[in-house]
Amino acid sequence: MDASDLWLNVFFYLFAAGALGGAAAVALSRNIVRSAFALLAVLVSVAAMYAIMKADFIAAAQVLIYVGGILVLIIFAVMLTHRITDVNVSNDSAPGLAAACACFCLMFSIVLILFYLPDWRRDPFQSEAETVVAGDLELRQWQADGRTGLALGGATHEEKAVLDVRVMRGPSDGAFVEFQVGEASPKAVPIRGGKATYTADALPKATSSGMSPTVQWRARLVGTSGEELSPWTKPLGFEVHKGVTLLAARGLSGRYLFAFEVVSVLLLAALVGAAFLARKEVKEA
Amino acid sequence: MIFSQKPLEHMLVLAAALFCVGLYTMLTRRNAVSILMGVELVLNAANINFVAFSQYTRIGGYHGNIFSMFVILLAAAEAAVALAIIIGVYQNFGRVDVDRADQMKD
């Protein structure tokens, strides 16, 4: 475990404790103002969770909208609907033994399903492999369990072959732009008679320079003088845990544009409706 | 088993815990503002699930991020309307206890 992993773990457990402690205070505090400020801790911790998951845009939106907007509204409502003097008795809760049992059973069954019924995790792309044969060379591209890689094999008389790996990333769904991987590719690999295996870590640098979590790559073998020894393999994808803000922005201005506009109309309607509901009643004389 | 080995499961367990605490808040509180806080907890738990599946599975793509953004926007609209209703109830009944407000008209 290297240093960045260590810090990731430390921050996860720190903010998880913050979120759960804050949630417990929201649920149990006798003072509604304390509850509201505990909700602040929960929302900030959840924003940190998004940052830990590298969903940077959602983390920023969480801070701006939840902490900056919704929480202020809630505190505003607390202040408007209670005289500050009776704030201590204003947050009573019903005796909640049955509710506690129900919530505990729900939590128990969720954890049970998570860890003892692993079917929910099944991924249609989980395990794929394709073998390309060129003469007595064999190029096998595999993908399993979130990792991907290349295996070279076959008995050959070639001293060396060049492995030409291209990584593609999709600007939108379906269309892929090809770009050549850095200096490291095409790279010559010794394959005389033996087997060589490359995993995604050993593949060229584009594995970490891609923007999207759906980077795909394919490979072929070319001879040392550039002649093609094997056709391209089928593209396989792998995960890159990078920010997805660019992709999300493209999705919002393309595929989800209509939903986005509908949401803006809904926000307008909510604004008008809230103003209508909260207005002072005007009695007709 | 620590976080960086199984990040998806850790996030899902955290979200489940937040969901259950929020549900408990909704079930036991009498004050409408507190119930609204419980709803916010539940929405945040659902959002964590969306983002976790989006970031830690290959088929998730970026779509979970966009969904969670819509959830945040809808939560904003919902909070505005709910607080308007709560203020209306307060003007009519003088309290915001949900088990006292049992009349549609006065």
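This report concerns the structure included in the present document. Note that the structure is predicted; figures quoted are calculated from it, not measured.

## So, the overall build of chain A
Here is step 1: On a plain count of helices and strands, chain A comes out with seven helices and nine strands.
Here is step 2: Split into buried and exposed, the 285 residues of chain A put 38% on the buried side.
Here is step 3: Long-range contacts, defined here as pairs at least 24 residues apart, represent 59% of the contacts in chain A between residues at least 6 apart.
Here is step 4: Accessible surface computed for chain A: about 15800 Å², of which carbon and sulfur atoms make up 65%.

## Let's talk about the interface of chain B and chain A
Here is step 1: Across the contact, 69 residues belong to chain B and 91 residues belong to chain A.
Here is step 2: Counting across the chain B and chain A interface gives zero salt bridges.
Here is step 3: There are 11 residue pairs in polar contact (both at pLDDT 80 or more) connecting chain B and chain A.
Here is step 4: With 23 residues, helix α3 (residues 63-93) of chain B is the largest single contributor of residues to the side of chain B that touches chain A.

## Topic: the packing of aromatic side chains
Here is step 1: Applying the stated criterion to the full structure yields six aromatic pairs over all chains.
Here is step 2: Measuring from ring centre to ring centre gives 6.3 Å for Phe 11 of chain A and Phe 15 of chain A, while their planes differ by 25 degrees; the resulting arrangement is stacked. Linking Phe 11 of chain A with Phe 15 of chain A, this pair stays in helix α1 (residues 3-28), spanning four residues, or about one helical turn.
Here is step 3: Residue Phe 11 of chain A is classed as partly exposed on the basis of its relative accessible area of 38%.
Here is step 4: The exposure class assigned to Phe 15 of chain A is partly exposed, which follows from its relative accessible area of 25%.
Here is step 5: An angle of 25 degrees between the planes, with centres 5.5 Å apart, marks the rings of Phe 50 of chain B and Phe 67 of chain B as stacked. One end of the pair, Phe 50 of chain B, is in helix α2 (residues 32-56); the other, Phe 67 of chain B, is in helix α3, and 17 residues separate them in sequence.
Here is step 6: Classification of Phe 50 of chain B by relative accessible area gives partly exposed; the value is 32%.

## Notes on unusual backbone geometry
Here is step 1: In this structure, Lys 54 of chain A is a non-glycine residue whose phi angle is positive, near 65 degrees.
Here is step 2: Judged by relative accessible area, which is 35%, Lys 54 of chain A ranks as partly exposed.

## Comments concerning the nonpolar core
Here is step 1: Of all hydrophobic cores here, the largest spans 64 residues; its most connected members are Met 11, Met 37 and Ile 48 of chain B.
Here is step 2: Sorting the residues of this core by element identifies α1, α2 (32-52), α3 (56-81) and α6 (245-252) of chain A together with α1 (7-28), α2 and α3 of chain B as the ones contributing at least two each.
Here is step 3: Residues Ala 99, Cys 103 and Met 107 of chain A together with Ala 17 of chain B belong to the second largest nonpolar core, which totals eight residues.

## Quick notes on the packing of α1 of chain A against α2 of chain A
Residues and elements named next belong to chain A.
Here is step 1: Packing of α1 against α2 leaves a shortest axis separation of 8 Å and a crossing angle of 155 degrees. In terms of axis orientation, α1 runs roughly antiparallel to α2. At the point where α1 passes α2, the crossing takes the left-handed sense. Of the residues in α2, those in contact with Leu 8, Phe 11, Phe 12, Phe 15, Ala 16, Gly 18, Ala 19, Gly 22, Ala 23, Ala 25 and Val 26 of α1 are Ser 35, Ala 38, Leu 39, Val 42, Ser 45, Ala 48, Met 49 and Ile 52.
Here is step 2: Residue composition of the contact of α1 with α2, grouped by class: 15 nonpolar, four polar and no charged.

Conventions and cut-offs
Residues numbered from 1 in each chain as written. Chains lettered and ligands numbered in written order. Predicted model: local features only at pLDDT ≥ 70, side-chain atom pairs only at ≥ 80, totals over all residues. Heavy atoms only, no water. Helix = DSSP H or I, 4+ residues; strand = E, 2+ residues; numbered from the N terminus. Buried < 20%, exposed > 50% of the residue type's maximum accessible area, 1.4 Å probe, protein only. Contact = heavy atoms within 4.5 Å. Areas by Shrake-Rupley, 256 points an atom, 1.4 Å probe, with all protein chains shown as cover. Salt bridge = Lys/Arg side-chain N within 4 Å of Asp/Glu carboxyl O. Polar contact = N/O pair within 3.5 Å; in protein donor to acceptor, adjacent residues only side chain to side chain. Phe/Tyr/Trp six-rings, centres within 6.5 Å; stacked < 30°, edge-to-face > 60°. Core = buried A, V, L, I, M, F, W, Y, C linked by side-chain atoms within 4.5 Å. Axes fitted to C-alpha atoms, helices over the stretch in contact; angles between N-to-C directions. Parallel < 35°, antiparallel > 145°, perpendicular 65-115°, else oblique. Left-handed = near helix turned anticlockwise from the far one by under 90°. Nonpolar A, V, L, I, M, F, W, Y, C, P; charged D, E, K, R; others polar.

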